[in-house]
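# Descriptive analysis of the structure
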Amino acid sequence: MKQVNIYTQSSIKALKPQNGAIGYRLETETSKGPHTLDEILKIQNATAHQSELRALIEALKRMRQPCQLTIFTESGYVAAGYESGWVERWMQTGWMTSRKTEVANRKEWEELHSLISRHTFTFKVAQEHKHRKWLQSEVEKKAKEN
């Protein structure tokens, strides 16, 4: 199974909806060396959590076959969805929380789960990596565009 690293970034840091940008980079080793694929996108009226979910969703949409993924994200929220078993519990309860309210960002979680479930994956939260400065710079530039 091919190993792919996914790096995600968002310019949105608040839990209040706002406009900004998201970005991702996919990286894999080939016989000719590392190969990368990236995209920086504007995002409208999104919270930090929604934007981080959306960055990973957009990256996963580029995947054409099941892979072993290492996902580098600043979002403990996204990682905890899987590492803490939230997603599995939410699916069993019809996407309801323990307080019997609908899961926040349900649409994004459902889309993410449909895309990620064919892969094996691990999360690396807030770990320094070689693409962090580049991604941060690119999403900040994109966020400032008119």
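Check the entry above for the structure.
Below, the structure is looked at part by part.

Per the secondary structure count, the protein chain includes five helices and five strands. When the helices and strands of the protein chain are read in sequence order from the N terminus, they spell out β-β-β-α-β-α-α-α-β-α. Whereas a compact globule of 146 residues would reach a radius of gyration of roughly 15 Å, the protein chain reaches 15 Å, a difference of no more than 12%. With 146 residues in all, the protein chain has 45% of them scored as buried. Counting contacts in the protein chain only where the partners sit at least 6 residues apart, residues at least 24 apart contribute 69% of the total. Carbon and sulfur atoms make up 49% of the accessible area of the protein chain, which amounts to about 8000 Å² in all. The positive charge centre, built from 23 side chains, and the negative charge centre, built from 17, are 1 Å apart in the protein chain.

By the definition in use, this model includes one cavity of 30 Å³ or more. In this structure, the largest cavity is lined by Thr8, Gln9, Phe72, Thr73, Glu74, Lys124, Ala126, Gln127, His129 and Arg132. Going through the elements one at a time, strand S1 (3-10) and strand S4 (68-73) are the ones with two or more residues in the lining of the largest cavity. Partitioning the lining of the largest cavity into residue classes produces two nonpolar, five polar and three charged.

Conventions used here
Residues numbered from 1 in each chain as written. Predicted model: local features only at pLDDT ≥ 70, side-chain atom pairs only at ≥ 80, totals over all residues. Heavy atoms only, no water. Helix = DSSP H or I, 4+ residues; strand = E, 2+ residues; numbered from the N terminus. Rg over C-alpha atoms; globule rule 2.2 N^0.38 Å. Buried < 20%, exposed > 50% of the residue type's maximum accessible area, 1.4 Å probe, protein only. Contact = heavy atoms within 4.5 Å. Areas by Shrake-Rupley, 256 points an atom, 1.4 Å probe, with all protein chains shown as cover. Lys, Arg positive; Asp, Glu negative; His and termini not counted. Charge placed at Lys NZ, Arg CZ, Asp CG, Glu CD. 1 Å grid on protein atoms, 1.4 Å probe; cavity = no way out; pocket = protein on both sides within 12 Å on 5 of 7 lines; lining within 4 Å. Points joined across faces, edges and corners; volume = space filled by probe spheres on them. Nonpolar A, V, L, I, M, F, W, Y, C, P; charged D, E, K, R; others polar.

Such coordinate-based values are descriptive only and should not be taken to indicate function.
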